[in-house]
Each structure stands twice: as C-alpha cells, then as structure tokens.
Amino acid sequence: MGVVSSRLLRAGCAMLVVASFGAIKAQAASSVLIWPIDPVLEADQQASALWLENRGSETANLQIRVFGWSQNGFQEQYQNQRDVIGSPPVAKIEPGQKQLVRLTRTKEVPPGQELAYRIIIDEIPSAQPPVADAGKTAAAIRFQMRYSVPLFAYGAGLWSKEDTTRQRDPKGIGLPQLSWRTVSVDGKPYVEVRNQGAVHARLTDVALKQGGQSKPLAEGLLGYVLPGAVMRWPAPGSTTGELAGRINGAAQVQSIAPAK
C-alpha cells in the first residue's frame, strides 16, 4: 500500500496559468459547498453520504478520492486504500446543482477502534482558456481548488459523534485523552500534544495561558491528533503556563493536562 505525500494533498489552491494574451485575470473556476463537514461511518452503517453543491457560475468537474489517514513523525500521512470507496469517483456538477457521493465501507473496522480517512476532492480544470472582451484569448490565473474532508469509521462498541436520531449505549462513547509538553527544535519552541484515547481530537481555539495573558497557537482550527499519535506545532513565544482549547467542537474551552 503506497504512502502519498501530505504536501500533495494539503487543502488549498493550486494555480493553473492559462495562455498569455491580452489582460491577465484571476478567477476561481467554481465554488463547491460540501456537507456534512464531518461525515462518519458508524459500526452499523455500510455507507454514508457526502453532498457536493456547485455554487459557482461554471460547471464543476471534480475527482473524488478517499485515502487512509495516519500521523507519524509529527506529519500527516495518506495511504492508498480500498476499505472505503467514494462513488462516483468523478462528478460533473452544473451551477446550482448538487451531487451525492456515497462513501461505502468494504471492510469491517475491528471492534472498539476508530479508523481515519481523508476525502480529497480535486477540481479538474477546464481545457478551454478564458475569453476576454472582443473575442480575444485572455491570459488568466485560474485557481484549481482542492477540498479535504475528514472521515472517521468505527468498529462495534465505539462511537464519537453525537447524533440525537440514533440510540446510543453511553458506555460506547469514545473520548480523546490528551497531554502536552514543550520541546525545542533547532532552538525554536514547540508544543507537542499526545492522544492516548480511543478517538481523534479536533483542536480549535488553542492557546497558552500565562497569568492574565492568552497567546493563541492558531486562529480557529489548529489541527487533529489521531489516536496513539503525537503532533507538534510552533509555540507562541513563552512555553510555560496552561494549554487550553476546544476539543471536537465542544462549546466550552477545556484545559489539556501537562505530560507527566
């Protein structure tokens, strides 16, 4: 099973330069709305749904792939896999239209485990260059969009995402178990967060608090820590104090225990 570089799958934009005549234009080919942003495959589910809606003014041609997701050496790792299949693998969505992507499980998750995947949705650029006024071919920078959506699958006896429409065994809820420490790498301070729990931790609004001051590590989403993994982020100056943030979308900010 091959490992795909996380650099190739990083969410964001890749610029495609088209022709070089006339005025230069910068434009995005399409705008895709994706929901839910946190799909899951429960232990009793064979498939889950992901919806794509084209809110742009041009046809969106999209490629959909599902990769295995792990973390090693403080880096995101993506592996080719066939345990979860996205169908259709390509989609042509006209402006204002929607497309259902079915995420189908082909292999059971071991009981009590959470497996992580990344759904990578790439825009396939149009071969037709943009046309400027008076019918002239225009030079343009088109933004080839890439969307990255996390997917978590669960084995029997474990669940994580709240769902009021489903009956739950409270004993089966999985929680992350986090601890943190500071390290120095090449003379620069970093914060390391370890997860020894059964499920992932999605960290947002994370900050180091010292005295009456709060120094954020990042605005909004900091990142994920998968079960059994350790992730590292640059520290904002001082590395002493209390680390706190929102875990898996919790309404309240929670303190993260220092490593023993």
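About the cut-offs
Residues numbered from 1 in each chain as written. Predicted model: local features only at pLDDT ≥ 70, side-chain atom pairs only at ≥ 80, totals over all residues. Heavy atoms only, no water. Helix = DSSP H or I, 4+ residues; strand = E, 2+ residues; numbered from the N terminus. Buried < 20%, exposed > 50% of the residue type's maximum accessible area, 1.4 Å probe, protein only. Contact = heavy atoms within 4.5 Å. Areas by Shrake-Rupley, 256 points an atom, 1.4 Å probe, with all protein chains shown as cover. Phe/Tyr/Trp six-rings, centres within 6.5 Å; stacked < 30°, edge-to-face > 60°. Lys NZ or Arg CZ within 6 Å of the ring centre and 35° of its normal. 1 Å grid on protein atoms, 1.4 Å probe; cavity = no way out; pocket = protein on both sides within 12 Å on 5 of 7 lines; lining within 4 Å. Points joined across faces, edges and corners; volume = space filled by probe spheres on them. Nonpolar A, V, L, I, M, F, W, Y, C, P; charged D, E, K, R; others polar. Core = buried A, V, L, I, M, F, W, Y, C linked by side-chain atoms within 4.5 Å. Domains from an automatic or database assignment. Pairing = 2+ DSSP bridges. Axes fitted to C-alpha atoms, helices over the stretch in contact; angles between N-to-C directions. pLDDT = per-residue confidence, 0-100. Salt bridge = Lys/Arg side-chain N within 4 Å of Asp/Glu carboxyl O.

- Per an unreviewed UniProt entry, the chain goes by the name Molecular chaperone and belongs to Pseudomonas kribbensis.

1. A closer look at the overall build of the chain
Link 1 in the chain: When helices and strands are counted, the chain shows 1 helix and 21 strands.
Link 2 in the chain: Relative to its full complement of 260 residues, the chain shows a buried share of 38%.
Link 3 in the chain: Summarising the internal contacts of the chain: among those between residues at least 6 apart in sequence, 70% fall at separations of at least 24.
Link 4 in the chain: Carbon and sulfur atoms form 51% of the exposed surface of the chain, whose accessible area is close to 14,200 Å².

2. Examining the packing of aromatic side chains
Link 1 in the chain: Under the counting rule described, the total for this entry stands at 4 aromatic pairs.
Link 2 in the chain: When the ring of Trp 35 is compared with that of Trp 51, the centres are 6.1 Å apart and the planes differ by 10°; the resulting orientation is stacked. Taken together, the positions of Trp 35 in strand E4 (residues 32–35) and Trp 51 in strand E6 (residues 47–54) put the pair 16 residues apart, joining distant regions of the chain.
Link 3 in the chain: Residue Trp 51 is classed as partly exposed on the basis of its relative accessible area of 31%.
Link 4 in the chain: Among the aromatic residues, ring-to-ring pairing joins Trp 69, Phe 152 and Tyr 224 into one connected group.
Link 5 in the chain: We note Arg 118 situated over the ring of Trp 69; from NZ or CZ to the ring centre the distance is 4.3 Å.
Link 6 in the chain: In this arrangement the basic side chain of Arg 232 is found over the ring face of Phe 74, its NZ or CZ atom lying 3.7 Å from the centre.

3. Quick notes on the layout of surface pockets
Link 1 in the chain: By volume, the largest pocket amounts to about 620 Å³.
Link 2 in the chain: Those elements giving two or more residues to the lining of the largest pocket turn out to be strand E13 (139–154) and strand E18 (221–225).
Link 3 in the chain: Of the residues forming the lining of the largest pocket, the biggest block, 5 residues, is contributed by E13.
Link 4 in the chain: Taken together, the residues of the lining of the largest pocket sort by class into 13 nonpolar, 7 polar and 5 charged.

4. What about unusual backbone geometry?
Link 1 in the chain: For the bond from Trp 35 to Pro 36, the omega torsion is -10°, close enough to zero to count as cis.
Link 2 in the chain: A cis amide bond links Ser 87 to the next residue, Pro 88, at an omega of 5°.
Link 3 in the chain: In this model, Phe 74 sits at a positive phi of 65°, which is unusual for a non-glycine residue.
Link 4 in the chain: Here Phe 74 shows up in the loop between strand E7 (60–72) and strand E8 (75–80).
Link 5 in the chain: The phi torsion at Asp 186 lies on the positive side, around 55°, for a residue other than glycine.
Link 6 in the chain: Tracing the backbone shows Asp 186 in the loop between strand E14 (178–185) and strand E15 (188–195).
Link 7 in the chain: The exposure class assigned to Asp 186 is exposed, which follows from its relative accessible area of 77%.

5. Considering the nonpolar core
Link 1 in the chain: Within the largest apolar cluster, 30 residues are counted, with the highest numbers of intra-cluster contacts made by Val 191, Val 193, Leu 203, Leu 217, Trp 233 and Leu 243.
Link 2 in the chain: Broken down by element, the residue count for this core peaks at 4 residues, all from strand E16 (residues 201–210).
Link 3 in the chain: A domain split of this core shows at least three residues from each of domain 1 (32–128 + 141–154) and domain 2 (175–258).
Link 4 in the chain: Look past the residues within four positions of Leu 243 in its chain and what remains in contact with it is Trp 180, Val 191, Val 193, Val 206, Ala 207, Leu 208, Leu 217, Gln 254, Ser 255 and Ile 256.

6. Re the sheet that holds E4
Link 1 in the chain: Strand order in the open sheet formed by 4 strands is E4-E6-E11-E9, with antiparallel pairing between adjacent strands. What marks the edges here is a single partner per strand, and that holds for E4 and strand E9 (84–87). The mean inter-strand angle of the sheet, taken between neighbouring strand axes irrespective of direction, is 20°.
Link 2 in the chain: Strand direction decides the pairing type here: E4 and E6, joined by 4 bridges, are antiparallel.

7. A short note on the confidence of the model for the chain
Link 1 in the chain: Taken residue by residue, the chain gives an average pLDDT of 86. The fraction at 70 or more is 81%.
Link 2 in the chain: Taken together, the stretch residues 5–27 has pLDDT below 50 and engages in 59 contacts with residues farther than four places along the chain or on a different chain.

8. Considerations on the environment of Val 230
Link 1 in the chain: Among the structural elements, Val 230 can be located in strand E19 (residues 230–234).
Link 2 in the chain: In this structure the C-alpha to C-alpha distance between Val 230 and Arg 194, which are 36 residues apart in sequence, comes to 4.3 Å.
Link 3 in the chain: Once residues within four sequence positions are removed from consideration, Val 230 is found in contact with Phe 74, Glu 192, Val 193 and Arg 194.

9. Some details on the pattern of salt bridges
Link 1 in the chain: Within this structure, the stated rule accounts for 9 salt bridges.
Link 2 in the chain: A salt bridge links Asp 122 to Arg 65, with the nearest nitrogen and oxygen atoms 2.7 Å apart. Placement of Asp 122 in strand E12 (residues 114–123) and of Arg 65 in strand E7 is noted, with a sequence separation of 57 residues between them.
Link 3 in the chain: In this structure, Arg 181 engages Glu 192 in a salt bridge whose closest nitrogen and oxygen atoms are separated by 3.0 Å. In this pair, Arg 181 sits in strand E14 while Glu 192 sits in strand E15, placing the two residues 11 residues apart along the sequence.

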